[in-house]
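Descriptive structure summary
Given next are the chains, with one letter for each unit.
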Amino acid sequence: MIENQHIDFHPVTVADKPLFEYYTLSSEEQNCDLNFANIFCWSDTYHTEIAEVDNSLVIRFDNGGTKCYMQPFCIGDKALIIERLRQDAFSQRVPLRLYGLSHEWRTFLEDNYPLEFAFDTPRALCDYIYRTEDLARLQGRKYQPKRNHINHFVARNDWYAEPLSKANIKDCLALNKKWLQGREIGEMEQAEQRALHRAFDNFDALGLRGLVLYANGAPVAFSYGTPITHKTFCIHVEKYDGEVQGAATMINRLMAQSLEEEFEFINREDDLGLEGLRFAKMSYYPTTLLDKISALHLTVEQREMRAMWHDIFVDEIHEIDSFLINHSDAIPLIHKENNEVVSMLYIVPLQMVCKKVAYLYAVATKPEYRGRGIASKLLSEALQLIKDSEHFDMVALIPSSTESKRLYERLGFVDTQMPMEFPANDYLGTGSVPHDLAMTIRL
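Below is a short write-up of the structure. (Residues numbered from 1 in each chain as written. Predicted model: local features only at pLDDT ≥ 70, side-chain atom pairs only at ≥ 80, totals over all residues. Heavy atoms only, no water.)

**Remarks on the side chain of T226**
To keep things clear, this is the line we draw: In this description a helix means any DSSP run of H or I spanning at least four residues, a strand means any run of E spanning at least two, and both kinds are numbered starting from the N terminus. Here a polar contact means two N or O atoms within 3.5 Å. Within protein one must be a hydrogen donor candidate and the other an acceptor candidate, and residues neighboring in sequence count only if both atoms are side-chain atoms. Any pair of residues with heavy atoms lying within 4.5 Å of one another is described as a contacting pair.
By secondary structure assignment, the location of T226 is in strand β11 (residues 218-227). Side chain to side chain, T226 and N35 meet in a polar contact 3.0 Å long. Ignoring any residue separated from it by four or fewer positions in sequence, one finds T226 in contact with N35, A37, L206, G207, L208, F233, C234 and H236.

What follows is the structure, encoded as structure tokens:
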């Protein structure tokens, strides 16, 4: 156990690029989130900090106001680094949350900290890895539609391409401005724009490599990126004029051709769960969908709750872990006897149809402790907590049995048969809308 070992984090700057690349360029990592240019350009949004400690590079950032950590680049003792990060998280009054973990790191945590971590592997965060040769040559029947797009573009346009430089960044910004027209710009889009401008403002220092495609004298597409390792290049941004058919396919192929002799792989980053973007990226036939694993270090009570949840509801551990990681705003309530958790529930804040809903989830009591009013007491405590907060319009839950339904009615819940529609990748309901009918209390 290492005590009071402070990690001297500092905000990431362009001056950190050599330090960062000392650890990354010769590694086997292909994760776009472990690329220096990405980390630097998005650091205003995530308040990213880095430090070198015990022959390792560690990265800390804000995610929804909570301090989190990327997978360390560790040359030394992994257990030592995990302990240092755990203590740093404790000093920030948060649990240790790790993002972008490889399967190797997950195996290490499972072997050395049995049952202490929850893990999640969101499909929306998987990176798309392609062989550069495949994207450059587009050979074979499966790429015929792509070749058709390019042939269409070439036949109908007087075109040329040139390397991205300070001289043509203004053309990229003009195309970007056109690309923004008519789009709904939310927080993520605003953050992407900040990252794009920061990249252009630090063009030389970041070593950006890219191309600008012109058709009939006007810019119609641009793309740029930087290496992750000596083998893998990361495409950070690709923009194109949607009115020019084939421009997107053309810039994709031209970038791959410019990289083919130097890099074996191209990482085109994740799809953020956007259906259209996923379809487009899958249409280029990635050689790998790179998992980026999230991990949360659990308290002893959380581990007891997870075990009880699994035993009572027979939910898969990966489903429970996904809830624990992705619902950090959920409030747990427990009842303990003989220093053991015997009853539990979660208050999950939800926004549903203009209503702020306090959703009571995973309400459970161990069989040998049922019939003693423990669940009623815990539910009453939860209802009082919700009412006192004055943050909610409604309390809702989905009864799992006729017996539990009677209990909820005694506490004031009304069987409104209100349908609860949850995202498909969220483990909050049964996955069947007809079965996810709630009892509610209006506040």
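**Focus: the packing of helix α13 (residues 300-313) against helix α14 (residues 317-326)**
Helix-helix packing: each pair is described by the crossing angle between the helix axes and the interaxial distance. As a reminder, the rule being used: In this description, a line fitted to the C-alpha atoms serves as the axis of each element, helices being fitted only across the stretch in contact, and the angle between N-to-C directions of two axes falls anywhere from 0 to 180 degrees. Note on terminology: angles under 35 degrees are roughly parallel, angles over 145 are roughly antiparallel, angles of 65 to 115 are roughly perpendicular, and the others are oblique. Less than a right angle of anticlockwise turn of the near helix away from the far helix marks a crossing as left-handed, whereas a clockwise turn marks it as right-handed.
Where α13 meets α14, the closest approach of the two axes is 10 Å, and the angle between their N-to-C directions is 135°. The angle between the axes of α13 and α14 places the two elements in the oblique class. The two elements α13 and α14 meet at a crossing, and its hand is right-handed. Across the interface between the two elements, R306, W309 and H310 of α13 pack against I317, I320, D321, F323 and L324 of α14.

**Quick word on the nonpolar core**
This is how the line gets drawn: Buried Ala, Val, Leu, Ile, Met, Phe, Trp, Tyr and Cys residues that are joined via side-chain atoms within 4.5 Å together make up what is termed a nonpolar core. Think of it in three bands: residues with accessible area under 20% of the maximum for their type are buried, residues over 50% are exposed, and the middle band is partly exposed, with areas taken using a 1.4 Å probe on protein chains only.
I59, L164, F200, L206, F222 and Y224 are the most contacted members of the largest nonpolar core, which totals 33 residues. When residues of this core are assigned to their parent elements, the largest contribution, five residues, is made by helix α2 (residues 36-41). If sequence neighbours within four positions are ignored, F200 has contacts with L164, I169, C172, L173, L208, F222 and Y224. With 28 residues, the next largest nonpolar core counts M308, F323, Y359 and A438 among its residues.

**Re the pairing of strand β19 (residues 394-397)**
Operational definition: Note on pairing: two strands pair once DSSP finds at least 2 bridges between them. Here, the term right-handed applies to a crossover whose path from the first strand over the helix to the second runs clockwise when the strands point away from the viewer.
Residues M394 and A396 line one face of β19 and the alternating positions V395 and L397 line the opposite face, and both faces are buried. Looking at chain direction, strand β18 (residues 355-365) and β19 are connected through three bridges and run parallel. When the sheet's bridge partners are listed, V357 is paired in β19 with M394. Chirality of the crossover, the property in question, places the unit of β18, helix α15 (residues 374-389) and β19 among those that are right-handed. As paired elements, β19 and strand β21 (residues 437-442) share four bridges and run antiparallel to each other.

**Points about the environment of V212**
Within the secondary structure, V212 sits in strand β10 (residues 209-215). Classification of V212 as buried rests on a relative accessible area of 0%. As for V212 and M255, which are separated by 43 residues in sequence, their C-alpha atoms are 9.5 Å apart. Setting aside residues no more than four positions away along its own chain, V212 makes contact with Y160, A161, E162, L164, N168, C172, P219, A221 and F222.

**Considering the pattern of salt bridges**
Rules: Here a salt bridge means any side-chain nitrogen of Lys or Arg lying within 4 Å of a carboxyl oxygen belonging to Asp or Glu.
Enumeration over the complete set of coordinates arrives at 29 salt bridges. For D44, the salt bridge goes to R198, with nearest N and O atoms at 3.8 Å. Residue D44 is found in helix α3 (residues 43-46), and its partner R198 is found in helix α9 (residues 187-201); the two are separated by 154 residues along the sequence. The exposure class assigned to D44 is partly exposed, which follows from its relative accessible area of 47%. Its salt-bridge partner being R137, residue E133 comes within 3.3 Å of it at the nearest N-O pair. A residue pair is termed a helical-turn pair when its members lie 3 or 4 positions apart in one helix, as E133 and R137 do in helix α6 (residues 132-137) at four residues. Ionic contacts of the salt-bridge type, sharing partners, join the residues E49, R60, D62, K67 and D88 into one network.

**Remarks on the sheet that holds β11**
As summarised here, the arrangement of the seven strands in space is β9-β10-β11-β12-β13-β8-β14, forming an open sheet in which the pairing is mixed. Edge positions in the open sheet fall to β9 (159-163) and β14 (288-290), since each of these has one partner strand only. Across the sheet, the mean angle from the axis of one strand to that of its neighbour is 25°, orientation sign disregarded. Sheet topology places β9 next to β10; five bridges connect them, and they run antiparallel. Paired with P163 across the bridge in β10 is L211.

**Section: the layout of surface pockets**
Think of a ball as big as a water molecule: rolled over the atoms, this probe shows where empty space is left. Our working rule: A cavity here means a set of 1 Å grid points, computed over protein atoms only, where a 1.4 Å probe fits but cannot escape. A pocket is an open set with protein on both sides within 12 Å along at least 5 of 7 lines, and lining residues have an atom within 4 Å of a point. Grid points are joined across faces, edges and corners, and a volume is the space filled by probe spheres set on the points. Residues are sorted three ways: Asp, Glu, Lys and Arg are charged, Ala, Val, Leu, Ile, Met, Phe, Trp, Tyr, Cys and Pro are nonpolar, and all the rest, Gly among them, are polar.
Within this model, the second largest pocket holds a volume of roughly 960 Å³. Lining the second largest pocket are 38 residues, with F313, V363, S400, S404 and Y408 positioned closest to its centre. Counting residues per element, the ones that place at least two in the lining of the second largest pocket are α13, α14, β18, α15 and α16 (402-410). When residues of the lining of the second largest pocket are assigned to their parent elements, the largest contribution, seven residues, is made by β18. Looking at the lining of the second largest pocket, its residues break down into 20 nonpolar, 10 polar and eight charged.

**Here's the deal with unusual backbone geometry**
Phi angles above zero are rare outside glycine, and N55 is one such case at about 60°. Structurally, N55 is set in the loop between β2 (49-53) and β3 (56-63). Judged by its relative accessible area of 55%, N55 falls in the exposed class. One non-glycine residue, R93, adopts positive backbone phi at about 65°. Structurally, R93 is set in the loop between α4 (78-91) and β6 (97-101).

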